[in-house]
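# Structure at a glance
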Amino acid sequence: MINIAELEKKFYSLNKFNLVFASFFFSLMTLCVKNIDKRIPIYELVLFRSLLSLIITLFIINLKNINPWGKNKPLLILRGVLGTLALVCIFYAIRNMPLSISTVIQYTYPIFISIFAGIFINEKITRNIIFALLIGWIGIFVILNPSQLSNINVEIENVSISIAFLGAICTALAYVTVKKLSFTEDVYVIIEYFPLVSFIALLPIVLMNWVTPTWNELVWIIGIGLFTQLGQTFLTIGLKNLPASEASTINYLQVLFGSIWGVLFFSEIININFLLGASLVLLGTIISTTKIIKRT
């Protein structure tokens, strides 16, 4: 006789592993970006990444015989614009900051999601969210204060920090847009508009400023597209049956993976201040994504 409870337990556990794999592959994507010479412009990397994702998504849409244009085109285009801006900012931050620090800043986005969801889709902004925001900012200050950066022999320009936070904010806005679109649009149409808008917007810029990659750089560029697609696939599967707070906690493993790659490949220094700051950001993420049930 089949034990349904046991099967559900195993499936729940598998979702956790899917999110672990997602974090791992996304961290490999950041490693690829970091390894590409700065002579290749950021927008060219985003274009290549978008092209591979667009080909794969359109292939799936064609197999499923889905209308690729969707219903709410203005909002779909906005989702694509926000996603493109986020990716450009994230790639810029990865290239111009230590991998560990840029990854921590990017993972402030769940806190911003809670705020923007309250503003744009009428989800309640609770005291928990405000508390989470304060904790998260304290964590960021612990990591980015001048004394801490001096201790690990790192200099970061303010513009790089600002762009990194802009990437997190655009990521959060893109997620909120996806949430709103999910009520009316097929998931693959939502996914499609991200690389479609990126490709259309960036193609003229890339053609006017084309830099031919070497074979070595091309391998890293292909890695960006491949690992991003794998990460998104495992993330989509894993998010289906896990509470938001638990999913966000597991996703935060990307900070761990990113820190490991930073130490192994780029001689980055991880000290107690970084660990404390990263832990505070994680705590803020958990609090902001946990629904508090009021007892009556």
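An account of the accompanying structure is given in this report.

Criteria and cut-off values
Residues numbered from 1 in each chain as written. Predicted model: local features only at pLDDT ≥ 70, side-chain atom pairs only at ≥ 80, totals over all residues. Heavy atoms only, no water. Helix = DSSP H or I, 4+ residues; strand = E, 2+ residues; numbered from the N terminus. Buried < 20%, exposed > 50% of the residue type's maximum accessible area, 1.4 Å probe, protein only. Contact = heavy atoms within 4.5 Å. Areas by Shrake-Rupley, 256 points an atom, 1.4 Å probe, with all protein chains shown as cover. Core = buried A, V, L, I, M, F, W, Y, C linked by side-chain atoms within 4.5 Å. Expected span 1.5 Å × (residues − 1). Axes fitted to C-alpha atoms, helices over the stretch in contact; angles between N-to-C directions. Parallel < 35°, antiparallel > 145°, perpendicular 65-115°, else oblique. Left-handed = near helix turned anticlockwise from the far one by under 90°. Nonpolar A, V, L, I, M, F, W, Y, C, P; charged D, E, K, R; others polar. Salt bridge = Lys/Arg side-chain N within 4 Å of Asp/Glu carboxyl O.

Before going further, it helps to spend a moment on the overall build of the chain. The number of helices and strands found in the chain is 13 helices and zero strands. Along the chain, from the amino end to the carboxyl end, the secondary structure elements read α-α-α-α-α-α-α-α-α-α-α-α-α. Looking at the chain residue by residue over its 296 residues, the buried ones come to 49%. For the chain, contacts bridging at least 24 residues in sequence account for 91% of all contacts bridging at least 6. For the chain, the exposed surface amounts to about 15,500 Å²; the carbon and sulfur share of it is 69%.

Met97, Ile101, Val104, Ile105, Leu144 and Ile156 are the most contacted members of the largest nonpolar core, which totals 28 residues. Sorting the residues of this core by element identifies helix H4 (99-106), helix H5 (109-120), helix H6 (127-144), helix H8 (158-181) and helix H13 (272-289) as the ones contributing at least two each. By residue number, the principal contributor to this core is H8, which donates six residues. The residues touching Leu144, leaving out its near neighbours within four places in the chain, are Ile101, Ile105, Leu149, Ile156, Ile161 and Phe165. By size, the runner-up hydrophobic cluster in this structure holds 26 residues, among which are Val46, Ile94, Leu99 and Val211.

Moving on: H5. Between its first and last C-alpha atoms H5 spans 16 Å; for twelve residues at 1.5 Å apiece the expected length is 16 Å, and the two agree. Taking burial as the measure, the twelve residues of H5 include ten buried ones, the bulk of the element. Every buried residue belonging to H5 is among Tyr109, Pro110, Ile111, Phe112, Ile113, Ser114, Ile115, Phe116, Ala117 and Gly118, and all of these are buried. Looking at the residues trailing H5, positive phi occurs at Asn122, about 60°.

We now examine the packing of helix H3 (residues 73-96) against H8. Running from N to C, H3 and H8 cross one another at 150°; their axes reach a closest spacing of 8 Å. Of the possible angle classes, the one that applies to H3 and H8 is roughly antiparallel. The two elements H3 and H8 cross, and the hand of that crossing is left-handed. In terms of residue class, the contact of H3 with H8 is built from 18 nonpolar, six polar and two charged.

The next thing to look at is the pattern of salt bridges. Here the structure, examined in full by the defined rule, presents one salt bridge. Measuring nitrogen to oxygen at the nearest pair gives 2.8 Å for the salt bridge that ties Glu217 to Arg39. Linking Glu217 in helix H10 (residues 215-239) with Arg39 in the loop between helix H1 (4-35) and helix H2 (42-64), this pair joins segments that are 178 residues apart in sequence. A relative accessible area of 5% places Glu217 in the buried class. Assessed through its relative accessible area of 38%, Arg39 is described here as partly exposed.

Next up on the list: the side chain of Thr57. Mapping Thr57 onto the fold places it in helix H2. The class of Thr57 is buried, set by a relative accessible area of 2%. For Thr57, the residues in contact, after removing those within four places along its chain, are Tyr188, Ile191, Glu192 and Gln229.

These figures capture arrangement, not role.
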